[in-house]
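Chain and residue survey
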Amino acid sequence: MIRSFLFVPGDSERKLEKAPDAGADAIIVDLEDSVSAENRPRARELAREFIEGREDAWLRINPVDSGEAMADLQAVMPAAPGGIVLPKARSADDATRLATKLDELESRFDVAAGHTRILPLCTERPRALFSLDSYVGATPRLAGLTWGAEDLSAALGARARRDEDGNWLPPYEMARSLCLFAAAAAEVPAIDTVYTDFRDAKGLASYAARAARDGFTGMLAIHPAQVATINDAFSPSDDDVTRAERIIALFRDNPGAGALALDGEMIDNPHHVLARRIVALAKWLKTTQEGRTQ
Ligand code: COA
Ligand code: MG
């Protein structure tokens with residue numbers, strides 16, 4: 001379970017050097033929007049060097065229909081990235097096309113078959129919103145679904161994405177919800193998008209808390225200062241875990257019961273499912289992520 005993905009522009013040696021200290025669960029080396037065309041060849045080299053030997057390093061390639069994606073993959077796949085972030089996906093077809101290419105490259109570069117996973121940005125193009133159910137069963141490499149508002153708003157010709165209070169305007173709120181539904185339908189994690197105002201720590205904390213509340217299991221970051229807040233928001237609190245354990249115990253002690261009462265509240269199967277998810281996540285964080293976060 002990845003709570004925080006930190007984006008790092010692939011052409012910045014300085015930021016690549018700093019990224020591992022941020023405490024992110026995964027680092028995404030970007031070859032797309034944060035890198036100019038002229039810097040891209042150098043960025044590919046830096047990305048390959050950075051990713052080599054790092055379990056937590058991912059790569060954002062250019063869109064599969066851009067003419068750049070294959071060169072990105074050829075250059076970096078020998079370093080066996082943990083995953084590929086796929087921008088501007090038109091539908092799950094783009095992810096399955098990428099998966100087929102990864103089959104070939106993993107075999108050519110002696111990387112374990114299926115090692116590199118795929119995280120599509122599933123709302124960056126208007127047409128993508130009409131085929132989000134295509135992700136269901138599309139490829140076993142699917143690591144989750146995430147979304148982006150910037151490219152979508154550019155495609156719409158919109159003049160704003162957020163209202164005066166910083167809340168998403170309805171078109172983006174809808175794209176965010178569709179990403180959440182599509183991820184749940186495909187049974188993969190939903191990852192919320194970047195919070196671009198990286199100096200607004202309070203705003204980020206409340207945004208991330210809302211994302212966790214709605215069912216997202218992680219979020220994209222653009223600045224090291226955002227990582228601890230994001231990790232915290234997507235880690236169940238001690239109180240959450242204690243309550244979840246009580247719910248599990250209640251069902252265990254009442255075999256055959258459908259609905260039960262806990263502290264004056266009705267508890268039934270959906271609560272049980274959520275409780276098991278929280279306890280599993282807490283256990284997993286304890287065993288695998290301890291020591292990697294501050
Ligand atoms: N990864 C690693 N280190 C980063 C970083 C990142 N994403 N963003 C900033 N830093 C480092 C800076 O190098 C700086 O360290 P230094 O002073 O020792 O060099 C320190 O953190 C503080 O940075 P700050 O001055 O607050 O920000 P900035 O003005 O240098 O950079 C951004 C601001 C937005 C340009 C930068 O955070 C960034 O490049 N983010 C990622 C952009 C991206 O990948 N976008 C694509 C996905 S939307
Ligand atoms: Mg973009």
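1. A look at the overall build of the protein
The helix and strand inventory of the protein stands at 10 helices and 10 strands. Its C-alpha radius of gyration of 20 Å places the protein within 12% of the 19 Å reference for a compact globule of 294 residues. For the protein, the spread of C-alpha atoms along the principal axes amounts to about 65 × 45 × 35 Å. Across the 294 residues of the protein, 48% fall into the buried class. Roughly 14,300 Å² of accessible area belongs to the protein as shown, and the carbon and sulfur atoms make up 51% of that amount.

2. Observations concerning the coordination of the magnesium ion (ligand 2)
For the magnesium ion (ligand 2), the full set of protein donor atoms is D33 (OD) and D151 (OD), and the range of their distances to it is 1.9 to 2.1 Å. Here the residue D33 occupies a position in the loop between β2 (26–30) and α2 (40–51), and D151 occupies one in helix α5 (residues 150–156), the gap between them amounting to 118 residues.

3. Regarding the pairing of strand β5 (residues 117–120)
Inspection of the sheet shows strand β4 (residues 83–86) paired to β5 by four bridges, in the parallel sense. Across the sheet, the residue bridging to L86 is P120, located in β5. The handedness of the β4 to β5 crossover, carried by helix α4 (residues 92–108), is right-handed.

4. So, the site of ligand 1
Near ligand 1 lie 16 residues; those nearest to it are F7, R14, K18, I222 and H223. The contact in question runs from an oxygen atom of ligand 1 to an N or O atom on the side chain of R14, over 2.4 Å. Separating a nitrogen atom of ligand 1 from a backbone N or O atom of I222 is a distance of 2.8 Å. Contact with the protein chains covers 67% of the free accessible surface of ligand 1, which is 890 Å². Those elements giving two or more residues to the shell around ligand 1 turn out to be β1 (4–9) and α1 (13–18). Broken down by element, the residue count for the shell around ligand 1 peaks at four residues, all from β1. When grouped by side-chain class, the residues that make up the shell around ligand 1 number eight nonpolar, two polar and six charged.

5. A word on the packing of α2 against helix α3 (residues 69–76)
One can describe the packing of α2 onto α3 by two numbers: an axis separation of 9 Å at closest approach and a directional angle of 35°. α3 is crossed by α2, and the crossing has right-handed handedness. For the pair α2 and α3, the contacting residues are R40, R44, A47, R48 and I51 in the first and A71, D72, A75 and V76 in the second.

6. Thoughts on the packing of aromatic side chains
The full count for this structure, using the stated rule, is four aromatic pairs. Residues F5 and W58 carry aromatic rings whose centres are separated by 5.3 Å and whose planes lie at 85° to one another, so their mutual orientation is edge-to-face. Of this pair, F5 sits in strand β1 while W58 sits in strand β3 (residues 57–60), and the two are 53 residues apart along the sequence. Each member of the pair, F5 as well as W58, is classed as buried. Judged by centre distance (6.3 Å) and plane angle (50°), the rings of W168 and Y172 are tilted. Comparing W168 with Y172 shows no difference in burial state: the two are buried. Among the aromatic residues, those joined into a cluster by ring pairs are W147, W168 and Y172. The cationic tip of R162 hangs over the ring face of W168; the distance from NZ or CZ to the ring centre is 3.9 Å.

Conventions and cut-offs
Residues numbered from 1 in each chain as written. Chains lettered and ligands numbered in written order. Predicted model: local features only at pLDDT ≥ 70, side-chain atom pairs only at ≥ 80, totals over all residues. Heavy atoms only, no water. Helix = DSSP H or I, 4+ residues; strand = E, 2+ residues; numbered from the N terminus. Rg over C-alpha atoms; globule rule 2.2 N^0.38 Å. Buried < 20%, exposed > 50% of the residue type's maximum accessible area, 1.4 Å probe, protein only. Areas by Shrake-Rupley, 256 points an atom, 1.4 Å probe, with all protein chains shown as cover. Donors = N, O, S within 2.8 Å, 3.2 Å for Na, K, Ca; no water. Pairing = 2+ DSSP bridges. Right-handed = clockwise from strand over helix to strand, strands pointing away. Near = heavy atom within 4 Å. Polar contact = N/O pair within 3.5 Å; in protein donor to acceptor, adjacent residues only side chain to side chain. Nonpolar A, V, L, I, M, F, W, Y, C, P; charged D, E, K, R; others polar. Axes fitted to C-alpha atoms, helices over the stretch in contact; angles between N-to-C directions. Left-handed = near helix turned anticlockwise from the far one by under 90°. Contact = heavy atoms within 4.5 Å. Phe/Tyr/Trp six-rings, centres within 6.5 Å; stacked < 30°, edge-to-face > 60°. Lys NZ or Arg CZ within 6 Å of the ring centre and 35° of its normal.

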